[in-house]
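A structural walkthrough
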Amino acid sequence: GKEKWPRGEEKVWKECMRDVDTEVSSITKSFVNHVQTSLARQPYNLDNLGAYQAAALSVRDNLLVNWNETALQYTRKAPKRAYYLSLEFLMGRTLDNALLNLGLKDQYSQGVKKLGFSMEDILDQERDAALGNGGLGRLAACYLDSSASQELPVWGYGLRYKYGIFQQLISPAGEQLEAPDPWLDNQNPWELPRLDVAYEVRFYGHADRLNDGTPRAVWAGGQEVLAVAYDVMIPGCYTKTTNNLRLWESKPKRGFDLNSFNAGNYEGAVESSNSAAAITSVLYPNDHTSFGKELRLKQQYFWTAASLADILRRFKNIGKPITEFPDYVAIQLNDTHPTLAIPELMRILIDEEDQPWATAWQIVTNTFFYTNHTVLPEALEKWPVPLLEHLLPRHLQIIYDINLLFLQSVEKKFPGDRDRLARMSLIEEGFPKQVRMAYLACIGSRKVNGVAELHSDLVKTTILKDFVEFEGISKFGNVTNGITPRRWLDQCNPELSALISTTLKVDKAVWLKELTRLEELLPKTEDEAFRKEWAAIKQRNKERLAHHVQTTLGLTINTKAMFDVQIKRLHEYKRQTLNILGVIHRYLTLKNMTAEEKKKVNPRVVFFAGKAAPAYYIAKLVSAPSLPLPLPLYFIAWLTPFGTHQTIRLIVNVARIINEDPDTKDLLSLYFLPDYSVSLAEVLIPASDISQHISTAGTEASGTSNMKFCLNGGLLLGTVDGANIEIAEEVGESNVFFFGHLTPAVEDLRYQHTYHPIPIEEKCPALANVLNQVSAGLFGDADVYEPLLNTIRQGDHYLLSDDFDSYIAALAMVDEAYLDQTEWVKKSIRTTAKMGKFSSDRAINEYAESYWNIEAQRIA
Ligand code: 475
């Protein structure tokens, strides 16, 4: 609407307000301006880092114009908005993405060239924003890109960790060493400190019910800390819409009353871990585990409380009654990490807004939506009741009240079914009692979803089965994950992107936002010249990767070989061990071949990358008052190596032997690339011929890198798990290499392993042979690997011995298929062509329509 200009003369303001300027001459001008005034540097000694900072600040100016306009229009129109609460946002680098989304990459490249810099060198200066562990965090980043690109009013809320995911170093012996990631040390041009946006967050203290006929209580005392906002601009692709990611930093509240600080006897006893600043100091690096640490719980409450206060303040500005909150606000809970938002909103509504319980619960259960990302039992969050009682006494009261009312309604529907009540209780009995966060997230939400068809079915039939029976199936849905084609095709594979635009005869601005148009590539499988061009791009991407490895690690890679890639967090269920044992099997087979036989073998290079959860990391980081940073690196002492660490060690030591073996090195080599990151993924993914997604069936909820490889024309070798299944449905089973047992068999197999074990020699001689070679010391360190090998010989929870033979057979099929390069390239083209479904635009639109009920807002 037309409003009065807030101050002064509107005309004067408007004349001075800049628009995004795309002239190369204005770009160089703004760049040099920033060199002189923002960076206070002289042009003659400007290095690449300085040039990166100047370019970033100049691009940021453009983003800010759009970001302000977007915020203004959202405020004026007050549409329903969605908020994505995620403890992790694995953003990676920003400059290239911003340039591409703004459509200014060419102009900036020309501009910096005129000033004597290369865009490539400049882009390479940026440090990754690595505020996440893996899939869950990167998904959040893709969803922000898609929300902005689809012009949806969506904001992210997270934490501004001072240290992102640790940097991984690999010692010569193959041990993972961890160093902190002080990513903010070089300044971060992409964040805007909002010292004016701050909230107080309380911990500890005591909660006293008023008992005045209302459900109200007063929570007082304890410790109060301050949450300060830092905003990160999220530009959409070819649209003015520029959304916001708000990250909270913790700091001590001024005038903080030491006497009311009632810390009690809790974790650490280390003073600095109790300080306000410790709360947002470090990202917890253990994915797929819940470990009940107080600092982690503090992070979760600090972040949800600040975010809710901010959302509520914005809602109140609209001037509607509180009962209309769910008409203006949808909040997506990214896994159970933000589940405390449920009792926190109840607390605000009851204690501060004086609402009756039923009204409050009505508002809450129409506001929240919960996404589950894993069914692995060790990842399901549970918080000890005594810890909650100590840290958040009022929230524990509310959780108990929710539980009582909930169980009463269960009793009503299933009278006398005490087992059911015990199963469904939010409180798990035991010493100590624990709160089951997934159950709380489920009953406090409007809808619950999994992240791929199979996974969503498993959620409904296993962990939340009772809740489906009680609440009805319609509350439970599926939104298959997606990836942003901007970063994961246009940005990481510019040559392929250009070829697609030429072939489709349409600007990338169109097909990048309507990814199913890739299907128009299908007829091109029969075009020989096109296939040649397609294969040549893959080859150049392989050379780009080889060049990267050469310059960073000093290793020379055979780019004529097939590139076989497995890159993801190290985890037992993802079975990197199966892969390395497969490599050893290949090596032993090659060793036994005649020269004649070897001639028929296609060379293969196997790449691994990924971080293992560190053993003793947080304790060191938060208890050290000030780290000796940046160098010397702060290594964490190596204590007992465990599963995934031994796997890394095995990979490195196998590489050491086979890469030097003159009998085989031309046909098989192996690399573990340290410090896997979003940026490294952007180089690895476009270079892959085949990638491996080989989790035990039913354990990988979706996977998203599988989609990235396929979008870039890499074929998939995998189990019938997660989104692999839906990828095969799209691209056709003849274009993927499937192996292994199916999900329904897994439980029976595990039962067999426990109660009727068959010696591995009998069950799978090929695997037994490989294990024995490792035990015999073929790769050194024999006793180091014994515990790892024994997990396979006994118990074998992830079914390596059941899937090994079919895995080896599938690898052989890949070899055979690769020999026919014409057919292989056709498969590659078909795969890319059929990946449209996996755009995160599709996924985010499903959330917007079927969950949040929000609409696109055109920013004029
Ligand atoms: C799934 N992380 C992938 C991806 O949906 C899926 C758990 C507990 C504590 C900290 N982090 C976690 C996850 O559970 C996680 O990353 N899950 C992953 O989410 C996106 O594609 O299959 O494993």
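This text follows the structure it describes.
Residues numbered from 1 in each chain as written. Predicted model: local features only at pLDDT ≥ 70, side-chain atom pairs only at ≥ 80, totals over all residues. Heavy atoms only, no water.

1. A short note on the sheet that holds strand E17 (residues 447-450)
Read across the open sheet, the 9 strands follow the order E7-E10-E11-E4-E1-E12-E13-E17-E18; overall the sheet is mixed. The sheet is open, and its two borders are formed by strand E7 (191-203) and strand E18 (476-478), each paired with just one other strand. Neighbour-to-neighbour, the strand axes of the sheet open up by a mean angle of 25°, direction not taken into account. As paired strands, E17 and E18 are joined by 3 bridges and run parallel to one another. (Pairing = 2+ DSSP bridges. Helix = DSSP H or I, 4+ residues; strand = E, 2+ residues; numbered from the N terminus. Axes fitted to C-alpha atoms, helices over the stretch in contact; angles between N-to-C directions.)

2. Points about the packing of aromatic side chains
On inspection of all chains with the given rule, the structure shows 26 aromatic pairs. With a centroid separation of 6.3 Å and an interplanar angle of 65°, the aromatic rings of Phe369 and Tyr851 are classed as edge-to-face. Of this pair, Phe369 sits in strand E13 (residues 368-371) while Tyr851 sits in helix H35 (residues 840-852), and the two are 482 residues apart along the sequence. Grouping residues by exposure puts Phe369 and Tyr851 together as buried. Plain terms: the ring middles of Phe737 and Trp824 are 6.1 Å apart, the flat faces sit at 25° to each other, and that makes the pair stacked. Linking Phe737 in strand E24 (residues 736-739) with Trp824 in helix H34 (residues 821-833), this pair joins segments that are 87 residues apart in sequence. (Phe/Tyr/Trp six-rings, centres within 6.5 Å; stacked < 30°, edge-to-face > 60°. Buried < 20%, exposed > 50% of the residue type's maximum accessible area, 1.4 Å probe, protein only.)

3. As for the site of the ligand
Near the ligand there are 20 residues, and of these His373, Asn481, Glu700, Ser702 and Gly703 occur at the shortest range. One nitrogen or oxygen atom from the main chain of Leu136 is found 3.1 Å from an oxygen atom belonging to the ligand. In the model, an oxygen atom of the ligand is placed 2.6 Å from a nitrogen or oxygen of the Glu700 side chain. In isolation the ligand offers 510 Å² of accessible surface; the protein chains occlude 98% of this area. It is helix H7 (residues 135-149) that provides the largest number of residues to the shell around the ligand, a total of 3 residues. Grouping the amino acids of the shell around the ligand by side-chain chemistry returns 5 nonpolar, 11 polar and 4 charged. When residues are assigned to domains, the shell around the ligand turns out to be shared by domain 1 (78-93 + 128-480 + 845-852) and domain 2 (485-603 + 643-838), each giving three or more. (Near = heavy atom within 4 Å. Polar contact = N/O pair within 3.5 Å; in protein donor to acceptor, adjacent residues only side chain to side chain. Areas by Shrake-Rupley, 256 points an atom, 1.4 Å probe, with all protein chains shown as cover. Nonpolar A, V, L, I, M, F, W, Y, C, P; charged D, E, K, R; others polar. Domains from an automatic or database assignment.)

4. Describing the nonpolar core
Soluble globular proteins: nonpolar side chains tend toward being buried together. Phe203, Trp248, Phe607 and Trp852 are the most contacted members of the largest nonpolar core, which totals 180 residues. No other element matches the 11 residues that helix H8 (residues 294-318) contributes to this core. Counting the residues that make up this core, at least three belong to each of domain 1 (78-93 + 128-480 + 845-852) and domain 2 (485-603 + 643-838). Discounting chain neighbours no more than four positions away, the residues touching Phe607 are Leu545, Ile557, Phe563, Asp564, Val565, Gln566, Tyr671, Leu673 and Leu684. Core analysis: the next-biggest nonpolar cluster, separate from the first, contains 58 residues, Val601, Tyr785, Leu800 and Ile808 among them. (Core = buried A, V, L, I, M, F, W, Y, C linked by side-chain atoms within 4.5 Å. Contact = heavy atoms within 4.5 Å.)

5. Observations concerning the side chain of Asp231
For Asp231, the position within the fold is in strand E10 (residues 223-235). Asp231 sits in the buried class, given a relative accessible area of 0%. A distance of 3.2 Å separates the side chain of Asp231 from the side chain of Asn244, its partner in a polar contact. At 2.7 Å, the side chain of Asp231 and the side chain of Arg246 are in polar contact.

6. Overview of unusual backbone geometry
Note the cis peptide between Phe431 and Pro432, where omega equals 0°. Along the polypeptide, Pro432 turns up in the loop between strand E15 (427-428) and strand E16 (434-436). Despite not being glycine, Ala78 has its phi angle at roughly 45°, a positive value. Assignment of secondary structure puts Ala78 in the loop between helix H3 (48-77) and strand E1 (81-85). Positive phi is not limited to glycine here, since Arg575 has a value of about 60°. Mapped onto the elements, Arg575 comes out in the loop between strand E19 (562-567) and helix H22 (576-591). Assessed through its relative accessible area of 1%, Arg575 is described here as buried.

7. Structural notes on the pairing of strand E21 (residues 668-673)
Extensive coverage of E21 is indicated by the burial of 6 of its 6 residues. Of the two faces of E21, the one carrying Leu668, Leu670 and Phe672 and the one carrying Ser669, Tyr671 and Leu673 are both buried. As defined by bridge partners, strand E20 (residues 604-609) adjoins E21 across 6 bridges and the pair is classed as parallel. From the neighbouring strand, Val606 faces E21, where its bridge partner is Leu670.

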